[in-house]
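What follows is each chain in one-letter form.
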Amino acid sequence: MKRHLPNAITCANLLSGCIGIVFAFKGNLETAAYFVIFSGIFDFFDGMVARLLNVKSAIGKDLDSLADMVSFGFLPGVIMFHLLKASDYSSDYLPYLGFLITIFSALRLAKFNNDERQTEDFIGLNTPMNTLFICSLPFIANDYPQVISSSILLIAITAITSFLLVSEIKIFSLKFSDLSWAKNKIKFIFLILSAVLIAFLKFAAIPFVLVLYIASSVLHFRGTTANNKV
């Protein structure tokens, strides 16, 4: 039974993503975003449970990527499709640019599964963080509609995030091998600052958290390289 538990949690991630897609196609983007959060929680715990029970498998890894493709690949593409459809530039074809996020998410996940450098951390922005950012946009639109309705901005976001997904930028994982301050100082600072930003700005904090995540990762790996040279 225990060897099936991680895969069951992964399937819960997939189910949450499917439900989120249904809401996204109906235009209920905020509810879709909440199901993304559920998917993210399940995605975090499936790997943790597999490691704790020592039941990691090739099938589990592939199933995880397939579930992520739905929850963190197709779903953010649908959300961007709807945002572009409601933007200030009226076109029947422009909204389909949103699915570039889906395409580059697929490339990112395929790369991750075959890149032996990404056993502990990431090379390129991970799909859950990118999806969380995309899902924050409908909430931001409630307070800043004139900004999010800009087709130019939305296209720029699509292009930049697609590039980040397959880039060579090293991004740290939030899975801790130990809880020592010395080894995880930058990670702890990132989590504390992110919590403060979210407490004050709620979903509007997510773009700042994304920038902070990338900047913190650059500092983290620069510090790691420097320590290795000493």
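A brief structural summary. Quantities reported herein were computed from a predicted structural model and do not represent experimental measurements. (Residues numbered from 1 in each chain as written. Predicted model: local features only at pLDDT ≥ 70, side-chain atom pairs only at ≥ 80, totals over all residues. Heavy atoms only, no water.)

By the definition in use, this model includes one salt bridge. As a salt-bridge pair, Lys 111 and Glu 168 come within 2.9 Å of each other at their nearest N and O atoms. Of this pair, Lys 111 sits in helix H4 (residues 100-114) while Glu 168 sits in the loop between helix H7 (151-165) and strand E2 (170-171), placing them 57 residues apart in sequence. The exposure class assigned to Lys 111 is partly exposed, which follows from its relative accessible area of 22%. (Salt bridge = Lys/Arg side-chain N within 4 Å of Asp/Glu carboxyl O. Helix = DSSP H or I, 4+ residues; strand = E, 2+ residues; numbered from the N terminus. Buried < 20%, exposed > 50% of the residue type's maximum accessible area, 1.4 Å probe, protein only.)

Right, let's talk about the side chain of Thr 127 for a bit. Mapping Thr 127 onto the fold places it in helix H5 (residues 127-143). On the basis of relative accessibility, which here comes to 2%, the residue Thr 127 falls in the buried class. Those residues in contact with Thr 127 that sit more than four places away from it in its chain are Asp 68, Phe 72, Ser 105, Arg 108, Leu 109 and Leu 165. (Contact = heavy atoms within 4.5 Å.)

Looking at the secondary structure, you find Asn 114 in helix H4. When the C-alpha atoms of Asn 114 and Ser 39 are compared, they prove to be 23 Å apart, with 75 residues separating the residues in sequence.

To continue, consider the packing of aromatic side chains. Scanning all chains against the criterion turns up 14 aromatic pairs. With centroids separated by 5.2 Å and ring planes inclined at 25°, the aromatic side chains of Phe 190 and Tyr 213 adopt a geometry described as stacked. One end of the pair, Phe 190, is in helix H8 (residues 181-201); the other, Tyr 213, is in helix H9 (residues 206-229), and 23 residues separate them in sequence. An aromatic cluster of at least three residues, connected via ring pairs, comprises Phe 25, Phe 74, Phe 81, Tyr 96 and Phe 99. (Phe/Tyr/Trp six-rings, centres within 6.5 Å; stacked < 30°, edge-to-face > 60°.)

Honestly, that's just the spatial picture; any functional story needs more than this.
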